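What the coordinates show
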Amino acid sequence: MADESPQTFSERFKQFSKFGDTKSDGKQITLSQSDKWMKQAKVIDGKTITSTDTGIYFKKLKAHKVSEADYLKFLEDLSKNKKIDVEEIKKKMSSCGAPGLSTSSASSKVPGAVERLTDTSKYTGSHKQRFDDSGKGKGIAGRKDLVDKSGYVTGYANKDTYAKEHPTN
C-alpha cells in the first residue's frame, strides 16, 4: 500500500475517486472523497482553506460527482478566491501518498487520552474506592458494598475481643 513512486495528479485523482467507494470506476470524485484527499495533502488546514470552503465551491458545480476536468475547475475557483497558487495545491495533492496513509497526528493523541483515563490517582468519589494504592482493581469488592454479617457495627474497634476478655470456663 505504501507506493513511494511519484504520482501524477490524474493518477491520484483516480485513486481517491475509488477510495471508500467499491463501485467507482475512478473517473468521478465526490465532495467527501475530495475532502479526505485535501486533508491528507494538508490543503485543508482549518485556517486558509476549510471543509466549509470546499463544500461551497464544490456545490457550485451542481453535481454530487464530478469528472477530473470539472474538478480542476473547482480547484482553480477555490485557489483564486483563497489567493493560493493552484499549482501549489495540485503539487501537494499529487505528492500526499496513497489514500488512507494519513499522518500519525491522530494516533499520537490516543495514548495520552488512554493514559489519562487509566490513571487511577485522578479518580474521585466512589471510583476511587475501586482500586488499591498500586492502581490494581479490587474486583467485586471495589464495585459493591459487601455487607458484614458478623453482628458488629461497621468500624467497631474491639471486634472479636469479647471472647478473650470473658472466658466461658
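The structure this text deals with has already been given above.
None of these values were measured; they are calculated from a predicted model.

1. Digging into the overall build of the protein chain
- Counting its regular elements, the protein chain contains 9 helices and 2 strands.
- Listed N to C, the secondary structure of the protein chain is α-β-α-α-β-α-α-α-α-α-α in terms of helices and strands.
- Looking at the protein chain as a whole, 24% of its 169 residues are labelled buried.
- Nonlocal contacts in the protein chain, meaning residues at least 24 apart in sequence, comprise 54% of its contacts between residues at least 6 apart.
- Put simply, the protein chain shows about 12,300 Å² of open surface, and 52% of that area lies on carbon and sulfur atoms.

2. Brief notes about the nonpolar core
- The biggest cluster of nonpolar side chains holds 22 residues, and the ones touching the most others in it are W37, M38, Y71, F74, L75 and M93.
- Going through the elements one at a time, α1 (9-18), α2 (31-40), α3 (51-59), α4 (68-82) and α5 (86-94) are the ones with two or more residues in this core.
- Here this core takes 4 residues from α4, the largest share from any one element.
- If we ignore the near neighbours within four places in the chain, the residues touching M38 are V43, I44, T54, Y71, F74, L75, L78 and M93.

3. Here we look at the pattern of salt bridges
- Considering all chains together, one arrives at 5 salt bridges under this definition.
- Where E87 meets K90, a salt bridge forms, and the shortest distance between an N and an O atom there is 3.8 Å. A residue pair is termed a helical-turn pair when its members lie 3 or 4 positions apart in one helix, as E87 and K90 do in helix α5 at 3 residues.
- Classification of E87 as partly exposed rests on a relative accessible area of 47%.

Rules used throughout
Residues numbered from 1 in each chain as written. Predicted model: local features only at pLDDT ≥ 70, side-chain atom pairs only at ≥ 80, totals over all residues. Heavy atoms only, no water. Helix = DSSP H or I, 4+ residues; strand = E, 2+ residues; numbered from the N terminus. Buried < 20%, exposed > 50% of the residue type's maximum accessible area, 1.4 Å probe, protein only. Contact = heavy atoms within 4.5 Å. Areas by Shrake-Rupley, 256 points an atom, 1.4 Å probe, with all protein chains shown as cover. Core = buried A, V, L, I, M, F, W, Y, C linked by side-chain atoms within 4.5 Å. Salt bridge = Lys/Arg side-chain N within 4 Å of Asp/Glu carboxyl O.

These results come straight from atomic positions and should not be treated as a statement about function.
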